[in-house]
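Each chain, written out:
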Amino acid sequence: MAEKQADPDMKGWLYKWTNYLKGYQKRWFVLTNGLLSYYRSQAEMLHTCRGTISLHGAVIHTEDSCNFVISNGGTQTFHLKASSEVERQKWVTALELAKAKAIRQMESGELPMVEDWSFVNQDEDEEDVGDSGADDVANTLKVLTAKLEDLRTCHDLIMKHGAALQKSLSELEVLDASTQDLNAKTKTVNERATLFRISSNAMINACNDYVDVSSTAGRKWQRLLQHERDQRLRLEDMVEQLARQHSHLEQEAKEQMNQAMPPGVQGPDTSSTPVTECVSQQASAAGHSHSEDEEENEFEDALEELAENFIVHVNTGQAHKRTSSNVSQVSEGQGVGDTVSASSSEGEAQDNTVQVIMRKDNTDSSYSLSEEMASLNGSQATTPTEPEGKQANGRPKRQRRVRVPDKPNYPINLWSIMKNCIGKELSKIPMPVNFSEPLSFLQRLTEDFEYSDILDRAAQIEDSCEQLSLVAAFTVSSYATTALRTAKPFNPLLGETYECDRTDDLGWRAVSEQVSHHPPIVAQFVEGSSGWNSWQEFAMSSKFRGKYLQIIPLGIAHLEFRSSGNHYTWRKVSTTVHNMIVGKLWLDNHGEMEIVNHHTGDKCCLKFVPYSYFSRETPKKVTGYVVDSEGTLKWFITGMWDEKIEACRVISQSLRGGKPVYETGPPKVLWKRNPINPEAERYYNFTELACQLNEPEEMVCPTDSRNRPDQRLMEEGRWDEANAEKLRLEEKQRATRRSREAEAEQAAAEGREYPAYSPQWFCKETDDVTGALIFRYTHEYWDCKERQDWSRCPDIF
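So, how was this worked out
- Residues numbered from 1 in each chain as written.
- Predicted model: local features only at pLDDT ≥ 70, side-chain atom pairs only at ≥ 80, totals over all residues.
- Heavy atoms only, no water.
- Helix = DSSP H or I, 4+ residues; strand = E, 2+ residues; numbered from the N terminus.
- Buried < 20%, exposed > 50% of the residue type's maximum accessible area, 1.4 Å probe, protein only.
- Contact = heavy atoms within 4.5 Å.
- Areas by Shrake-Rupley, 256 points an atom, 1.4 Å probe, with all protein chains shown as cover.
- Core = buried A, V, L, I, M, F, W, Y, C linked by side-chain atoms within 4.5 Å.
- Expected span 1.5 Å × (residues − 1).
- Polar contact = N/O pair within 3.5 Å; in protein donor to acceptor, adjacent residues only side chain to side chain.
- Pairing = 2+ DSSP bridges.
- Salt bridge = Lys/Arg side-chain N within 4 Å of Asp/Glu carboxyl O.
- Axes fitted to C-alpha atoms, helices over the stretch in contact; angles between N-to-C directions.
- Disulfide = S-S within 2.5 Å.
- Phe/Tyr/Trp six-rings, centres within 6.5 Å; stacked < 30°, edge-to-face > 60°.
- Lys NZ or Arg CZ within 6 Å of the ring centre and 35° of its normal.

Trainee: Looking at this model, I keep getting lost on the overall build of the chain. Mind explaining?
Mentor: Helix and strand counts for the chain come out as 13 helices and 30 strands. Expressed as a percentage of the 797 residues in the chain, the buried residues total 41%. When contacts within the chain are restricted to residue pairs at least 6 apart in sequence, those whose partners lie at least 24 apart make up 59%. As displayed, the chain has an accessible area near 42900 Å², and 52% of this comes from carbon and sulfur atoms.

Trainee: What's the story with the environment of Tyr 451 in this structure? I'm lost.
Mentor: With respect to the helices and strands, the residue Tyr 451 is situated in the loop between α7 (441–446) and α8 (453–459). We classify Tyr 451 as buried; its relative accessible area is 4%. Between the C-alpha atoms of Tyr 451 and Asn 674, which are 223 residues apart in sequence, the distance is 9.0 Å. Excluding residues within four positions of it along the chain, Tyr 451 makes contact with Phe 474, Ser 477, Ala 480, Trp 671, Lys 672, Arg 673 and Asn 674.

Trainee: Help me out: how do you make sense of the nonpolar core in this one?
Mentor: Soluble, globular proteins show a tendency: their nonpolar side chains are buried together. Counting residues in hydrophobic clusters, the biggest one holds 65 residues, and the most contacted among them are Phe 561, Ile 595, Leu 606 and Phe 608. No other element matches helix α9 (residues 464–477), which puts eight residues into this core. In contact with Leu 606, not counting residues within four places along its chain, are Ala 472, Thr 475, Val 476, Gly 591, Glu 592, Met 593, Ile 595, Val 622, Thr 623, Gly 624 and Ile 637. Among the nonpolar cores identified, the runner-up in size contains 20 residues, and Leu 14, Phe 29, Leu 36 and Val 92 belong to it.

Trainee: Would you mind showing me how to read α9 here?
Mentor: Between its terminal C-alpha atoms α9 stretches 20 Å, which fits the 20 Å expected from 14 residues at 1.5 Å a residue. Here α9 lies mainly inside the structure; 14 of its 14 residues are buried. One side-chain oxygen of the residue at the start of α9 lies 3.1 Å from the amide nitrogen of Cys 465, identifying that residue as Asp 463.

Trainee: Even after reading the chapter, I still don't get the pairing of strand β2 (residues 23–32), so can you show me in this structure?
Mentor: Along any regular strand, the residues point their side chains to alternate faces of the sheet. Counting buried positions over the ten residues of β2 gives eight, a clear majority of the element. In the sheet, strand β1 (residues 10–19) pairs with β2 via nine bridges, with the strands oriented antiparallel. If you follow Gly 12 over to β2, its bridge partner there is Phe 29. Taking the residues that link successive antiparallel strands as the turn, the β1-β2 hairpin has three residues. Looking at chain direction, β2 and strand β3 (residues 35–39) are connected through five bridges and run antiparallel.

Trainee: Would you mind showing me how to read helix α12 (residues 719–749) here?
Mentor: Side chains that are three or four residues apart share a direction in an α-helix, a result of its 3.6 residues per turn. An ideal rise of 1.5 Å per residue puts 45 Å on 31 residues; α12 measures up with 45 Å between its terminal C-alpha atoms. Along α12, the residues that are buried comprise Trp 719, Ala 722, Glu 725, Lys 726, Leu 729, Glu 730, Gln 733, Arg 737, Glu 741 and Ala 747. Of the residues one or two after α12, Gly 751 is the one with positive phi, at around 80 degrees.

Trainee: I tried to follow unusual backbone geometry on my own but got confused; where do I start?
Mentor: Trans is the prevailing form of peptide bonds, just as negative phi is the prevailing case for residues other than glycine. Cis geometry marks the peptide bond from His 518 to Pro 519, where omega comes out at 0 degrees. By secondary structure assignment, the location of Pro 519 is in the loop between β14 (508–517) and β15 (520–528). Notably, Met 699 is not glycine yet its phi reads approximately 70 degrees, a positive angle. Of note, Met 699 is situated in the loop between α10 (688–693) and α11 (709–715).

Trainee: Would you mind going over the pattern of salt bridges with me for this structure?
Mentor: Opposite charge on two side chains makes pairing possible when the charged atoms of those side chains draw close. Under the defined criterion, the tally for this structure stands at 42 salt bridges. The salt bridge involving Arg 444 is made with Glu 437; its shortest N-O contact spans 2.9 Å. Here Arg 444 falls in the buried class, since its relative accessible area comes to 13%. Among the residues examined, Glu 437 registers a relative accessible area of 1% and is labelled buried. As a salt-bridge pair, Glu 730 and Lys 726 come within 2.7 Å of each other at their nearest N and O atoms. Note that Glu 730 and Lys 726 are positioned in helix α12 at a spacing of four residues, about one turn of the helix. A single salt-bridge network, built from bridges that share partners, covers Arg 398, Glu 499, Glu 695, Glu 697, Asp 704, Arg 706 and Lys 785.

Trainee: Would you mind showing me how to read the sheet that holds β3 here?
Mentor: Pairing between sheet strands relies on hydrogen bonds along the backbone, with the strands arranged either parallel or antiparallel. A sheet is described by the order of its strands in space; here seven strands give the open sequence β4-β3-β2-β1-β7-β6-β5, paired in antiparallel fashion. Only two strands of the sheet have a single neighbouring strand rather than two, namely β4 (51–54) and β5 (59–62). Across the sheet, the mean angle separating the axes of adjacent strands is 35 degrees when strand polarity is ignored. Direction of pairing for β1 relative to strand β7 (residues 77–81): antiparallel, over a ladder of two bridges. Pairing of Tyr 15 across the sheet is with Lys 81, part of β7.

Trainee: Explain the environment of Arg 571 to me, please; I cannot follow it from the model alone.
Mentor: Take Arg 571: it is sitting in the loop between β20 (567–570) and β21 (574–578). By relative accessible area, Arg 571 is classed as partly exposed at 44%. The spatial distance from the C-alpha of Arg 571 to the C-alpha of Gln 536 is 9.7 Å, given a sequence separation of 35 residues. Ignoring anything within four residues of it in the chain, the contact list for Arg 571 reads Leu 554, Gly 555, Ile 556 and Met 593.

Trainee: What should I look at first to understand the state of the cysteines in this one?
Mentor: Summed over the entire model, instances satisfying the criterion amount to zero disulfides. Sulfur of Cys 793: no disulfide; nearest cysteine sulfur belongs to Cys 701 and is 3.2 Å away. By relative accessible area, which is 14% here, Cys 793 ends up buried.

Trainee: Teacher, can you tell me more about the pairing of β20 here?
Mentor: Residues His 567 and Thr 569 of β20 are buried on one face, and the alternating residues Tyr 568 and Trp 570, pointing to the opposite face, are buried as well. Judged from the four bridges that link them, strand β19 (residues 557–561) and β20 form a sheet pairing that is antiparallel. Bridge assignment links Ala 557 to a residue of β20, and that residue is Trp 570. Hairpin connection, β19 to β20: the antiparallel pair is bridged by five residues, and Gly 565 has positive phi, about 80 degrees. Sheet topology note: the β20/strand β22 (residues 586–597) ladder contains two bridges and is antiparallel. Among the inter-strand pairings, Tyr 568 is bridged to a residue of β22, identified as Asn 597.

Trainee: Sorry, what's going on with the side chain of Ser 478 here?
Mentor: Inspection of the secondary structure assignment puts Ser 478 in the loop between α9 and β12 (488–490). Among the polar contacts listed, one links the side chain of Ser 478 to the backbone oxygen of Thr 475, at a separation of 2.8 Å.

Trainee: What should I look at first to understand the packing of aromatic side chains in this one?
Mentor: What characterises a pair of aromatic rings is the spacing of the ring centres plus the angle enclosed by the ring planes. The full count for this structure, using the stated rule, is 22 aromatic pairs. Consider the rings of Trp 761 and Tyr 781, whose centres lie 5.1 Å apart with planes at 85 degrees: the pair is edge-to-face. Of this pair, Trp 761 sits in the loop between α12 and β29 (762–766) while Tyr 781 is found in helix α13 (residues 781–787), placing the two residues 20 residues apart along the sequence. A residue is classified by how much of its surface remains accessible, and Trp 761, at 0% relative accessible area, is buried. On the basis of relative accessibility, which here comes to 1%, the residue Tyr 781 falls in the buried class. Look at Trp 761 and Trp 790: their rings are 6.2 Å apart centre to centre, the planes differ by 90 degrees, and that puts the pair in the edge-to-face class. Separated by 29 residues along the polypeptide, Trp 761 in the loop between α12 and β29 and Trp 790 in the segment after α13 bring together distant segments of the chain. Taken individually, Trp 761 and Trp 790 each receive the classification buried, so the pair is uniform in this respect. Through successive ring pairs, a cluster of aromatic residues spans Phe 449, Phe 474, Trp 508 and Trp 532. The aromatic ring of Trp 13 is capped on one face by Lys 26, whose charged end is 5.1 Å from the ring centroid.

Laid out in C-alpha cells, this is it:
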C-alpha cells in the first residue's frame, strides 16, 4: 500500500487575482513539498487542482500589508491577498521556508514526491464560455466522450495488469532459489510488467489527446464567445441610442399634445402605464393649480408600487365611481374629505390586494411635519432672528465663500491610464487629479449633513414613527448631489483628518479621520446642537465591470437623539457609475435600505429603484414605509433621491372582504433639494456648502484636508503641479508604510510585540448596539484645538 501523504506545510484561504473583470476571488491554498496549489474549495482537494506553482527559483514579493506576489520567472505569477497583515506574514514566512527546503532537495537530488495531483491545463478563473453553436458543441462533446471512454478502458487495463503484476511478484518472493520454476516465474513477471507499461503509456497518450481536444475546443469557444460579446455590446449601444431617441420623441409628442389641449386641461400621461384599475381623479376645488395636481398624481402613482405584496388605491378630492362598463362617474353625496373605498363601486373586480385610501384635506401638500406639531400645540414654532452679520454671542458672523474657481479644461488619455490598472485594486490605482474634484472623501462624507435641519425638526418630535420618517428623508437627502457629481473625491491619506464647525449657522460640527488605509476606512462623528449625535464608519468594496463601476458601502451609520434615547442604524445603498469607457458618465443609486430604531423596535424599509432603459419606472425613484415594533404600518414614503421626499400618515386600517384597507392623510413634503446655481457646472456642480468645505481656515489640525497641497493646487486650477504633488504624497505614504513593515518584521524576529497603527481621535471598541468592532470617537479633538495642542498628529503632508 502507498504511504500516507505527508501533512501540508500550510493551508488556508487566500484571495487570488483572477482577471480584470472578476478581480480577487477567494481560493483554498495548500503548500506542500515546495509546491503551492489552489482549489475553489476544500472539497476539490480530492479530485481537481486548479493551478500549481513551484517555489524552486520563485520570487516572493510583498506589495503592502496584505498583498504579495509569487512569480517563477515570468511563466507563472500569482497575485495574492491575505485577510490581514498577520495572515500575510504567516504565509510569506511559510513560503520562504518551503522555497529554501525545495532548493536544498533539488541540490541534493531528492525530488519532492507529490501524490494524487490532478492538474488542469487552462486557468479556472477564466470566464465560462457560452453556447457557440449546437452542432459544434455536440461534435466536441462526442469526441470528448469517446476520449473519456478510452481513459476508462486504459484505467481498467492498468488495474487488471497491476493486480496480476503484484500477484506475480508475491509468488516470486516465496519461491526457493533452487526451484526450477524460477526462470518461468521471472519470465511471467517481465511479461506482465511489459503489459502494465504498455497500458500506462496508452493511458498517458489518451490523456494527452483528451487535453489537446479540450484545449483546442476551449480556444475556439473563447473566440466565438468574444465575437458574441462584441455583437452584444454593439447591440446594447444601438438599443441605448434607440431608447434615447424614443424618449426624446415621446417627450416632444407629449409637449405638442399639451400645447394643443385647452388651458387647464392636462393631456394623457405617456410616461407611465397603469398597473392597476384605480379610482379616477378630478380636479378639486378652486385654488389648486395645475402643478399641484400634477405633484399629487405623481405621489399617488408612486404609492401604487410601494411594495410587491400589495397594490395601492388612492382617493383624493371628489371621488369617482366606475361602473361595470368602466365609465367614470362622480360619486353623489361625497364631498372633499370624505373617504371612499376604491373597491366599493358596483361591478369592480375583487382581488386579494391591500388598499390604501388617501384623504385629501383642504391643506397645502407642502405642509411640513414640524408645522403640524406646532399647530397641534396651538402655536407656531418660531426661530429667534439674529442681526445681520452678527452671531448670537455678539461676535462678527463669518462671511463664507459661495463658489470655487472654475474648472479648467485639461485633456487626458484614458487608455494610457487603464492599461496600467490591470491586476490592481481600484483603491490602489494612482489616478490623476483630472478624474477628481477638489474635495477629499472626508469632506464629501461631511457633505451628507447639508440638510441637517431635518434632524433638528426630528429632535422635536415625540412620536417615534414620525421621527423615523424624517430620519428616512435625511438618509435620502445625502444622495441629492450625486446625480450631477460624477467626479472622484481625493482618497485620504492614513491619518488625514477633517473638521467642520458650522455650529454658528447650521447647528452642528463634525470630525472625520482616515483610520485605516488597507482596507480604506473613514470614521466620523457629528454632534448637533439641537440634541442629536451621528457617527459612522465608511468602507466600501468596488467592482469594475468594464462599462460601469459599482461601489458597495460596507460601514454602518448611527444616529441618536439624546432626549428620547432613540438610536437608529442603517447601511447605505450601492452606487453604480455608468459609461466608464465611452460616453458621458452618469450615476445611479439603487438597493434596499433598512433603518432600525434599536430603542423602540420601529423600522423603515426604503427601496432605491434601479434605473433601466427598458423600464417605464420614474428615474431615481424611492419608495418605502414605516412600521412600528408590532409590524403595523404607520407611514408611506415616496419621492426621488435627487429632488424631494414626501410621506403620508396612515390614519386607520381595517379589513374589507378579507383585504387590508389603509386610510391615509394627505402627502407632506419631508425634504426638498435646495436649488443649484445655474453656473455650478463650471465649478464641478458644487452646492454652496460644497464650495465652503475646502475653504482655507486658520488654527485647524495640521493633518486637516484643507492643508493638503495637491488638493489645494487643483482647486486653484494648477493641475500639473497638483499631479506632481499627489505622486509625492503617495510615495511618502508608501515609504512610511514600508518603514513600519520593516520595524514589525524586526520586532517579530526579536520576539517583541510591535504596536499596530493607532488613530489620533478614534479608538477601536466593541459597539454595544451592533456587537461589531467600531472606531469610537474619543471626544478629545475640540479640547486639543482650543489649546492648539497638535503634538499627536503625524507628518503626512
